[in-house]
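Chain residues, written in single-letter form:
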Amino acid sequence: MATTLLYMRLGNAHDFRTRAQQAADASALAAAGQAADNAARQLSSLNLPGALYNPAAARERAENYAIRNGASLEDIRASDNGTGRTGNIVRVEVSTQQCQRELEPDEERHWNDTLCDGTESEDPEQKDRPLHFGNADAIAQVDLPECGYIFDPDPESFRIIGIRCDGEVIQSFVHARNMIDVSLVGKEGDYIYKPSSWNE
């Protein structure tokens, strides 16, 4: 019986981690999607992509997707492999809103008790019992196509008349966004995102 209960509690813990990972993946992709939208917006405005990451907008998206998946956003940050001013790689950390307490030594607490909604903290006898939340992190990356300016054919003009990415002339925001990939990756960039407006 004890072994069965142990396996069932381990199964609960695994379920917490699985839910947390799903929430982390969704949050990271959503936050990176904000950077991808910024890149598409810049391309459709005849600008090559520069700073992509908007901290407030990305956090809002990540928080929304974490909540939709039964989790809370714990941390979010951006990075890149350039100079720290692009922010095309986003890492999030989340924790599930469910948790599991340690069993009481006298086994008074039910093996499947996963109620951790804040009410338990009011019980003095339970305050010091360890909580086991499902925690997870995920990293998403925005992959941009190779792009360059199209100049007016008049040799004396130097006027930018378009942007070509991977051989296609960008026609609209939607066209540009469809050329930008967002995917989960295994590592962050080498440089933590630092907007040029930051005051060191």
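Every value quoted in this text rests on a predicted model; they were computed, and no experiment measured them.

Reading guide: rules and limits
Residues numbered from 1 in each chain as written. Predicted model: local features only at pLDDT ≥ 70, side-chain atom pairs only at ≥ 80, totals over all residues. Heavy atoms only, no water. Helix = DSSP H or I, 4+ residues; strand = E, 2+ residues; numbered from the N terminus. Buried < 20%, exposed > 50% of the residue type's maximum accessible area, 1.4 Å probe, protein only. Contact = heavy atoms within 4.5 Å. Disulfide = S-S within 2.5 Å. Salt bridge = Lys/Arg side-chain N within 4 Å of Asp/Glu carboxyl O. Core = buried A, V, L, I, M, F, W, Y, C linked by side-chain atoms within 4.5 Å. Phe/Tyr/Trp six-rings, centres within 6.5 Å; stacked < 30°, edge-to-face > 60°. Lys NZ or Arg CZ within 6 Å of the ring centre and 35° of its normal.

Some thoughts on the overall build of the protein
(1) Moving on: In terms of helices and strands, the protein carries 3 helices and 8 strands.
(2) Moving on: Element order for the protein, N to C, with α for helix and β for strand: α-α-β-β-β-β-β-β-α-β-β.
(3) Moving on: Taken over 200 residues, the protein has a buried fraction of 38%.
(4) Moving on: Here the analysis covers contacts within the protein between residues at least 6 apart in sequence; of these, 66% occur between residues at least 24 apart.

Some thoughts on the state of the cysteines
(1) Moving on: By the definition in use, this model includes 1 disulfide.
(2) Moving on: Covalent S-S linkage joins C147 and C165, the inter-sulfur distance amounting to 2.0 Å. Here the disulfide of C147 and C165 is right-handed, its torsion about the S-S bond being about 110 degrees. Separated by 18 residues along the polypeptide, C147 in strand 4 (residues 147-151) and C165 in strand 5 (residues 160-165) bring together distant segments of the chain.
(3) Moving on: Owing to a relative accessible area of 24%, C147 belongs among the partly exposed residues under this scheme.

With respect to the pattern of salt bridges
(1) Moving on: Scanning the model with the defined rule gives 9 salt bridges in all.
(2) Moving on: We note a salt bridge from R77 to D75, for which the minimum N-O separation is 3.9 Å.
(3) Moving on: Look at R77 and you get partly exposed, because its relative accessible area is 31%.
(4) Moving on: As a salt-bridge pair, E188 and R91 come within 4.0 Å of each other at their nearest N and O atoms. Here the residue E188 occupies a position in the loop between strand 7 (181-185) and strand 8 (191-192), and R91 occupies one in strand 2 (residues 89-101), the gap between them amounting to 97 residues.
(5) Moving on: Judged by relative accessible area, which is 14%, R91 ranks as buried.
(6) Moving on: The structure contains a network of salt bridges with shared partners spanning D75, R77, R91, E93, D137 and E188.

What to know about the nonpolar core
(1) Moving on: Core analysis: the largest hydrophobic core is formed by 34 residues, its most contacted members being Y53, I76, V90, V92, V94 and I180.
(2) Moving on: Mapped by element, the contributors of at least two residues to this core are helix 1 (2-44), helix 2 (55-68), strand 1 (71-80), strand 2, strand 3 (131-143) and strand 5.
(3) Moving on: It is helix 1 that contributes the most residues to this core, 11 residues altogether.
(4) Moving on: If near-sequence neighbours (up to four positions away) are discounted, I76 is found in contact with A31, Y53, A58, R59, A62, V90, R91 and V92.

Regarding the packing of aromatic side chains
(1) Moving on: Evaluation of the coordinates by the stated rule reveals 2 aromatic pairs.
(2) Moving on: On the basis of an interplanar angle of 75 degrees and a centroid distance of 5.3 Å, the ring pair of Y53 and Y193 is categorised as edge-to-face. With a gap of 140 residues between them, Y53 in the loop between helix 1 and helix 2 and Y193 in the segment after strand 8 connect regions that are remote in the sequence. The same class applies to Y53 as to Y193, namely buried.
(3) Moving on: If you follow R68 out to its NZ or CZ, it ends over the ring of Y65, 4.5 Å from the centre.

A look at unusual backbone geometry
(1) Moving on: Phi at F158 is positive, roughly 60 degrees, even though this residue is not glycine.
(2) Moving on: For F158, a relative accessible area of 66% gives the class exposed.
(3) Moving on: At D166, a position not held by glycine, the phi torsion is positive, near 50 degrees.
(4) Moving on: As for its position among the elements, D166 is in the loop between strand 5 and strand 6 (168-169).

Geometric values such as these leave the question of function open.
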